[in-house]
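Listed below are the residues making up each chain.
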Amino acid sequence: MKEEQFEIPIWKRYTLNIEEAANYYHIGQGKLREIVEEHPEAEFVIYNGNRVLIKRKRFEEYLDAC
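Description of the structure in this document.

### Some details on the overall build of the chain
Working step 1: Counting its regular elements, the chain contains 3 helices and 3 strands.
Working step 2: Helices and strands in the chain line up, N terminus first, as β-α-α-β-β-α.
Working step 3: Across its three principal directions, the C-alpha atoms of the chain cover 50 × 25 × 20 Å.
Working step 4: The buried share among the 66 residues of the chain stands at 30%.

Okay, structure coming up:
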């Protein structure tokens, strides 16, 4: 049997990469990178090597607090 590929909807994902987060939040990729650079130890940031991932729910909490 062939393994079926499936994609988790973006609103259910735990983490988003910069491109996905930019599309989801309607914030430019440059602005998102700037936010990450200003808050490198924030709870919404995960580094996977040199790749930045954003915890969706934690980032929403951050945005709500701004």
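### Thoughts on the pairing of strand β3 (residues 51-55)
Working step 1: Of all 5 residues in β3, 4 are buried, a share of seventy percent or more.
Working step 2: Bridge count for strand β1 (residues 15-17) against β3 is 3 bridges, and the pairing is antiparallel. For Leu-16, the partnering residue across the bridge sits in β3 and is Ile-54.
Working step 3: The pairing of strand β2 (residues 45-48) with β3 spans 4 bridges and is classified as antiparallel. Within β3, the position partnered with Ile-46 by the bridge is Leu-53.
Working step 4: Linkage of β2 to β3, two consecutive antiparallel strands, is achieved through a turn of 2 residues, within which Gly-49 is found at a positive phi near 70°.

### Remarks on the pattern of salt bridges
Working step 1: Summed over all chains, the structure comprises 5 salt bridges.
Working step 2: Of the charged contacts, one joins Arg-58 and Glu-43 as a salt bridge, the two residues approaching to 2.3 Å between their closest N and O atoms. In this pair, Arg-58 is assigned in helix α3 (residues 56-65) and Glu-43 in the loop between α2 (29-38) and β2, connecting sequence segments 15 residues apart.
Working step 3: The exposure class assigned to Glu-43 is exposed, which follows from its relative accessible area of 53%.
Working step 4: A salt bridge links Arg-56 to Glu-60, with the nearest nitrogen and oxygen atoms 3.5 Å apart. Taken as a pair, Arg-56 and Glu-60 lie in helix α3 at a separation of 4 residues, close to a single helical turn.
Working step 5: For Arg-56, a relative accessible area of 9% corresponds to the buried category.
Working step 6: Owing to a relative accessible area of 25%, Glu-60 belongs among the partly exposed residues under this scheme.
Working step 7: Through salt bridges that share partners, Glu-7, Arg-13 and Glu-20 make up one connected network.

The rules we used
Residues numbered from 1 in each chain as written. Predicted model: local features only at pLDDT ≥ 70, side-chain atom pairs only at ≥ 80, totals over all residues. Heavy atoms only, no water. Helix = DSSP H or I, 4+ residues; strand = E, 2+ residues; numbered from the N terminus. Buried < 20%, exposed > 50% of the residue type's maximum accessible area, 1.4 Å probe, protein only. Pairing = 2+ DSSP bridges. Salt bridge = Lys/Arg side-chain N within 4 Å of Asp/Glu carboxyl O.

Function-wise, these values are silent; they only describe arrangement.
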